[in-house]
Amino acid sequence: MTTQELIITAWHLTPISIATAVLGTLATAFAIWKKGRSTAPKLIAALCIFLFTIISPLGTLSEGYLFSAHMIHHLLLLLIVPLFVVIAIPGGKNLHTKPWRAIGWISGVGAMWLWHEPSLCSLAAVSPAMQATQTITLLIAGYLFWRPIMGTTRLHPAGALLYLFSACTACTLLGIYVAFVPISVCPAFAAASQSSPIIILIRDGWGFSAAADQQVGGLLMWIPACLIYFTAILARFLSWHEPQNTVSK
Amino acid sequence: MDALTQSPSFLYRWTATLDHKKIGILYLWTSLFFFGIGGMEAMLIRIQLAVPGNTLLSPEAYNQIFTMHGTTMIFLVVMPVLIGFANYFVPLMIGARDMAFPRLNAMSYWLFLFGGLLLHFSFFAGGAPAAGWFSYAPLTDTSFSSSQGVDYWVLSLLVLGIGSVSTGINIIVTVLTLRAEGMTMRRLPLFAWMFFINAFLIVLAMPVLNASIVMLLIDRQLDAHFFFPSKGGSAVVWQHFFWMFGHPEVYIMALPAFGMISEIIPVFSRKPIFGYTFIAGSTVAIALLSFGVWAHHMFATGLGTSFNVVFAFGSMLIAIPTGIKIFNWIATMWGGSIRFCTSMCFATAFLVEFVIGGLSGVMFAVVPIDWQVTDSYFVVAHIHYVLFGGTLFAVFGALYYWFPKMSGRMLSEKLGKWHFWLTVIGFNMTFLVQHVLGLIGMPRRVYTYADNPGWALLNQISTLGAFLMFASAIVLIWNLFRSLKYGKPAGDNPWQAWTLEWATSSPPPPENFLRLPPINGRRPLWDLANPDRPDSNFINTGTSEESPRLAKPRLTAALFIASETIFFIALIVAFLVFTFKKDTAGEFAQSSLDPMRTGIFTAILVLSSFTLWLAERGMKRGASGKGWLAATIVLGAIFLGGQAVEYIGLLNNEVTINSSLFATSFFTLTGFHAFHVFLGLVALGVCGFLLIRKKPGGHAALGGVSLYWHFVDIVWLVVFAIVYLKP
């Protein structure tokens, strides 16, 4: 198999992934119908990224073949798709109490930690049902996570900074662990069948060992995840100053 | 007592002072003193390198001198001089009476002075440290550095580190709690804003250094195994730890300089700063990014392609917010009526020199270039363009700008121009050629060199430049002393500046302000002088009512806890790193731990958090709560007793700190935790004493201490999970 063939043929079209994709599309259509057309661009963007994650070759690769692809899969589902959804549908004002902030932070950070517990991580990599569960929990966790930052009632920028910086610290610690630890944190990826054409392509064609793969995965969780948090911090910081920059007289 | 307060002697006034202005001035004089020492060391280096094959300095002496030069300039000159200016001007700029904790502030200064002296005692104790300012392992092992120099280096940096963290916390609490009416966070002068952000960097980065040098000291003194491969440790881990501190440190030294430039350029261009929001925001971006790029100091260690790519990317990214600032400053100057006073000359030169240093920094982010020129004179040129051409030029600018406020007299402009031109010419002569020297292969930190083509000439140009800088320093010192005596009286606001420090007399009275002007925007003195066209017509910075005042004890405790969290994270990471490098003795040590017994003591510690919560709740409801407080202290003491039993058991089994990697990291981690529990017990005892004697502040203090106590318990839960329950 060549890289080109991988991109063309390895689409992730299992019954469960198709069902998830259809469900996502219906949910998006419903949300646009319910919340008005102005939300359409953001929600459709979220849907496109979601569909890309679920049914493109990225979905296939993250199913036990390529650890770093599975990390991109996580980042998109936990941090990018829900972000668009929160911006489109910021939700009511009732969910701004302290416990909800705590729940948001814990679910956003906890989802990343929980799904990298070795046995759960392996299970999600090989069992389609488990992967669908994972997808849904990541989306919900991401939505809860972003609400206090980008929802209707937002944390004060200083609080947002604390919230996101500590989330980045937590991601960094896990990312450093994944990147440096000599054992496999997700044994399913290390144990992938050596005779599968995709693995042959990854190992021989790309020259990408399982250890290097895990390293990249750890680095992805660490740096790009933090960069997303940092961007949100800056966005909040600039918007803190922004409304004041109008000419008042 | 009365006699003392009525006519205190000069010495008493300065040593016993708690006034942030006096402490600031002490910082500045002391760092000038160390600048002299570090400068002499630099001159010795340049004289030694003036001719090839020179024998003036022995290799050993040379190693000591370049190590002391680097350590002195970074920890005893640049950091304290910036802290000194912050000490003097942050409270003034926000309209405060003093720092939040004047006594802590004085303690920080004295720790700095004595830490610096401690470092220099090494000269008399068998030799100064000679392993470079970043003390790479395994060179710092006792078998390669047998004198006590490295131990002095560790102890003095530990003392300085504690002082710096205290200052960082002090500045943050000052800015958050003591701003004058109307001085909202969005109206902070940029110097105050940047030092505020910088203080977070200090609070979060210094503990990494403290943790790593403590491990180094344990390695050297107790024969442990953290960093020395010959005993199973890892030298690369030292590099990770050091640069995890070291890279934020670069910005700790740069951000305040950016703040100074952001004050000087608008005043001498007669324009408000261009893009306040962007400058303030990019500072936050730099601070955040600075924690994620340390490994670009380690490209040569063979981290692997994926690491190199990611860190190269991060390092280039950090150039963007820095670049934005340069454009902001240029745009501020653009179309302004610029007055090239000495201060402005230095600020303008800063822009040029810092861009050169920044560009060579971006070059270093390109991995192959780094491989080619790392540890050559190219690095030496780069660091000096950033720290001298950047930070010190800004400091000189700030000195000419603020000296009138501090002394009431102007520095001589004529001597100032001499100082400026000698510095600029000397600096560029010294360091510009070093780029070339590095590119043609001259390694750094080598006491002499062969007579290769061109090397001697370039080195001589460099040495000549160093002499010009030496002359410039003499002009500066002469200017300082002469102007203190004969300088033109300055008046309150010689530069027609706009920030609050210029609203009071020069020098300010002990209470800083007799009357504060109204603060409705970022430039209160502009508004005062131009009531018909105040800033608020053009830039609305919100109402004066914002950001609730925070409770001092809890805020301080939270910041201290943040700093301590980083310290423990470093120790825990070390433990994890070394338990994955198992050796047989380590297995033995681990099997001799008793999770069951320690589990019981863990439960007791958790219970103590609960009793403390009950004590606090009782007090809120009007009960005394002393019984619960006593119970907390007893439970904490029982936990310590459990730890002691565990240690005795291990020691009886001949598991000691130097017996294996596991034991090394186990004793360090749990030992430091026990030490923190002990400190918590002392603090609780003090609170109990205050409450029993019904002294004021007892309840507030307990609010802070209880946060700390819960933190210590949470740390233990993590340690217990990782050390005892790890599968």
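Remember, predicted model here, so these are calculated numbers, not experimental data.

A.B. asks: For this particular structure, what's the right way to read the packing of helix α9 (residues 276–289) of chain B against helix α10 (residues 305–333) of chain B?
C.D. replies: Packed helices, taken two at a time, are described by the angle their axes make and the gap between the axes. Residues and elements named next belong to chain B. Here α9 crosses α10 at 155°, and the two axes come no closer than 9 Å. It follows that α9 is roughly antiparallel to α10 by the angle criterion. In terms of crossing hand, the pair formed by α9 and α10 is left-handed. Across from F278, I279, S282, T283, A285, I286 and L289 in α9, the residues of α10 making contact are L317, I318, P321, T322, I324, K325, N328 and W329. Tallied by class, residues from the contact of α9 with α10 come to 10 nonpolar, 4 polar and 1 charged.

A.B. asks: I tried to follow a nonpolar patch on the surface on my own but got confused; where do I start?
C.D. replies: A contiguous nonpolar surface patch, about 490 Å² in accessible area, is contributed by W11(A), L13(A), I18(A), V22(A) and L26(A). Position of V22(A) among the secondary structure elements: in helix α2 (residues 15–35).

A.B. asks: It is not clear to me how the interface of chain B and chain A should be interpreted in this structure. Could you clarify?
C.D. replies: Think of interface size as the accessible area that goes away when the parts come together; that is how it is often given. On the chain A side, the residues contacting the 34 residues of chain B number 29 residues. Both sides of the chain B and chain A interface together cover about 2700 Å² of buried area, and 77% of this is carbon and sulfur. If you sort the residues of chain B by the area they bury against chain A, R186(B), L288(B) and F307(B) come out on top, with a joint share of 23%. The tally of links between chain B and chain A comes to 0 salt bridges. Along the contact surface separating chain B from chain A lie 2 residue pairs in polar contact (both at pLDDT 80 or more). Those elements giving two or more residues to the side of chain B that touches chain A turn out to be α7 (190–222), α9 and α10 of chain B. Top contributing element to the side of chain B that touches chain A by residue count: α9(B), with 8 residues. Partitioning the side of chain B that touches chain A into residue classes produces 21 nonpolar, 10 polar and 3 charged.

A.B. asks: Please clarify how the nonpolar core should be interpreted in this entry.
C.D. replies: Burial of nonpolar side chains together is a common tendency in soluble globular proteins. In this structure, W146(A), F85(B), F191(B), W193(B), F227(B), W329(B) and W402(B) are the most contacted members of the largest nonpolar core, which totals 292 residues. Here this core gets 24 residues from one element, more than from any other, and that element is α7(B). Counting residues domain by domain, this core receives three or more from each of domain 1 (18–530) and domain 2 (568–723) of chain B. The residues contacting W402(B), other than those within four sequence positions of it, are F85(B), F89(B), M93(B), F191(B), M260(B), E263(B), E501(B) and W502(B). Counting 14 residues, the second-largest nonpolar core is a separate cluster that includes L49(B), L57(B), Y62(B) and Y449(B).

A.B. asks: Would you mind going over the pattern of salt bridges with me for this structure?
C.D. replies: Working definition: two side chains of opposite charge can pair if their charged atoms are close together. Residue and element names in this part refer to chain B. A full pass over the atoms with the stated rule returns 7 salt bridges over all chains. Of the charged contacts, one joins R444 and D375 as a salt bridge, the two residues approaching to 3.7 Å between their closest N and O atoms. In this pair, R444 sits in the loop between α14 (413–439) and α15 (455–486) while D375 sits in the loop between α12 (367–373) and α13 (377–407), placing the two residues 69 residues apart along the sequence. Residue classification places R444 among the buried residues on the basis of a relative accessible area of 14%. Relative accessible area serves as the criterion here: at 44%, D375 is assigned to the partly exposed category. With its nearest N and O atoms 3.8 Å apart, the salt bridge here joins R597 to E646. Linking R597 in helix α19 (residues 595–620) with E646 in helix α20 (residues 626–652), this pair joins segments that are 49 residues apart in sequence. What makes E646 buried here is its relative accessible area of 3%.

A.B. asks: Explanation requested: the state of the cysteines in the structure shown.
C.D. replies: Between two cysteines, a covalent bond joining their sulfur atoms is known as a disulfide. All names here are of chain A. Counting across every chain of the model gives 2 disulfides over all chains. The disulfide partner of C121 is C186, and the gap between their sulfur atoms is 2.0 Å. Across the disulfide from C121 to C186, rotation about the S-S bond amounts to roughly -105°, and the bridge is consequently left-handed. Separated by 65 residues along the polypeptide, C121 in helix α7 (residues 118–126) and C186 in the loop between α9 (157–180) and α10 (187–190) bring together distant segments of the chain.

A.B. asks: Sorry, what's going on with the side chain of S122(A) here?
C.D. replies: Residue and element names in this part refer to chain A. Its place among the elements puts S122 in helix α7. Using a relative accessible area of 13% as the deciding quantity, one classes S122 as buried. In contact with S122, other than residues within four places in its own chain, are C186, P187 and A188.

A.B. asks: Looking at this model, I keep getting lost on the packing of aromatic side chains. Mind explaining?
C.D. replies: Within a pair of aromatic rings, the relevant descriptors are the distance that separates the centres and the angle that separates the planes. Residues and elements named next belong to chain B. Per the stated rule, a full pass over the model turns up 82 aromatic pairs over all chains. Geometrically, the ring pair formed by F420 and W421 is edge-to-face, given 4.9 Å between the ring centres and 70° between the ring planes. We classify F420 as buried; its relative accessible area is 6%. Look at W498 and W526: their rings are 6.4 Å apart centre to centre, the planes differ by 80°, and that puts the pair in the edge-to-face class. On the criterion of sequence distance, the pair formed by W498 in the loop between α15 and α16 (524–529) and W526 in helix α16 is long-range, its members being 28 residues apart. A relative accessible area of 7% places W498 in the buried class. A network of ring pairs unites the aromatic residues F75, W133, F134, Y136, F226, F227, W238, F242, W243, F245 and F578 as a single cluster. Above the ring of W498, the side-chain terminus of R523 is found at 4.4 Å from the ring centroid. Here the guanidinium or amino end of R523 rests over the ring plane of W526, the centre of that ring lying 4.5 Å away.

A.B. asks: Teacher, can you tell me more about the environment of L500(B) here?
C.D. replies: Locating L500(B) in the fold gives a position in the loop between α15 and α16. Here L500(B) is in contact with L92(B), M93(B), I94(B), G95(B), M183(B), F513(B), L516(B), P517(B), I519(B) and P524(B), once residues within four sequence places are set aside.

A.B. asks: Can you help me understand the packing of helix α5 (residues 67–88) of chain A against helix α6 (residues 98–114) of chain A in this one?
C.D. replies: Residues and elements named next belong to chain A. At a minimum axis distance of 12 Å, the contact between α5 and α6 shows a crossing angle of 165°. By the criterion of interaxial angle, the relationship of α5 to α6 is roughly antiparallel. The interaxial crossing formed by α5 with α6 has right-handed handedness. Contacts between α5 and α6 pair M71, H74, L75 and L78 from the former with G108, A111 and M112 from the latter. Taken together, the residues of the contact of α5 with α6 sort by class into 5 nonpolar, 2 polar and no charged.

A.B. asks: How should the confidence of the model for chain B be read in this particular structure?
C.D. replies: In low-pLDDT regions, the fine details of the predicted coordinates are not to be read closely. Mean pLDDT over chain B stands at 92; residues scoring 70 or higher make up 96%. Two summary scores accompany this predicted model of the complex, namely pTM at 0.93 and ipTM at 0.87.

A.B. asks: Would you mind showing me how to read the domain arrangement of chain B here?
C.D. replies: Residues and elements named next belong to chain B. Domain boundaries in chain B define domain 1 (18–530) and domain 2 (568–723). Relative to domain 2, the C-alpha centre of domain 1 lies at a distance of 38 Å. Taken together, the contacts link 14 residues of domain 1 with 16 residues of domain 2. Buried surface at the junction of domain 1 and domain 2, both sides included, amounts to about 1200 Å², of which 79% is carbon and sulfur. Summed over the three residues of domain 1 that lose the most area to domain 2, namely H225, F226 and F241, the buried surface amounts to 39% of that side. The interface formed by domain 1 and domain 2 includes 0 salt bridges. At the surface where domain 1 touches domain 2, the tally comes to 1 residue pair in polar contact (both at pLDDT 80 or more). When residues of the side of domain 1 that touches domain 2 are traced back to their parent elements, those giving at least two are α7 and α8 (235–269). For the side of domain 1 that touches domain 2, the residue count by class is 9 nonpolar, 4 polar and 1 charged.

Calculation criteria
Residues numbered from 1 in each chain as written. Chains lettered and ligands numbered in written order. Predicted model: local features only at pLDDT ≥ 70, side-chain atom pairs only at ≥ 80, totals over all residues. Heavy atoms only, no water. Axes fitted to C-alpha atoms, helices over the stretch in contact; angles between N-to-C directions. Helix = DSSP H or I, 4+ residues; strand = E, 2+ residues; numbered from the N terminus. Parallel < 35°, antiparallel > 145°, perpendicular 65-115°, else oblique. Left-handed = near helix turned anticlockwise from the far one by under 90°. Contact = heavy atoms within 4.5 Å. Nonpolar A, V, L, I, M, F, W, Y, C, P; charged D, E, K, R; others polar. Patch = residues over 30% accessible without salt bridge, like charges linked within 9 Å, V, L, I, M, F, W, Y side chains within 5 Å. Areas by Shrake-Rupley, 256 points an atom, 1.4 Å probe, with all protein chains shown as cover. Salt bridge = Lys/Arg side-chain N within 4 Å of Asp/Glu carboxyl O. Buried area = accessible area lost by both parts, 1.4 Å probe. Polar contact = N/O pair within 3.5 Å; in protein donor to acceptor, adjacent residues only side chain to side chain. Core = buried A, V, L, I, M, F, W, Y, C linked by side-chain atoms within 4.5 Å. Buried < 20%, exposed > 50% of the residue type's maximum accessible area, 1.4 Å probe, protein only. Domains from an automatic or database assignment. Disulfide = S-S within 2.5 Å. Phe/Tyr/Trp six-rings, centres within 6.5 Å; stacked < 30°, edge-to-face > 60°. Lys NZ or Arg CZ within 6 Å of the ring centre and 35° of its normal. pLDDT = per-residue confidence, 0-100.

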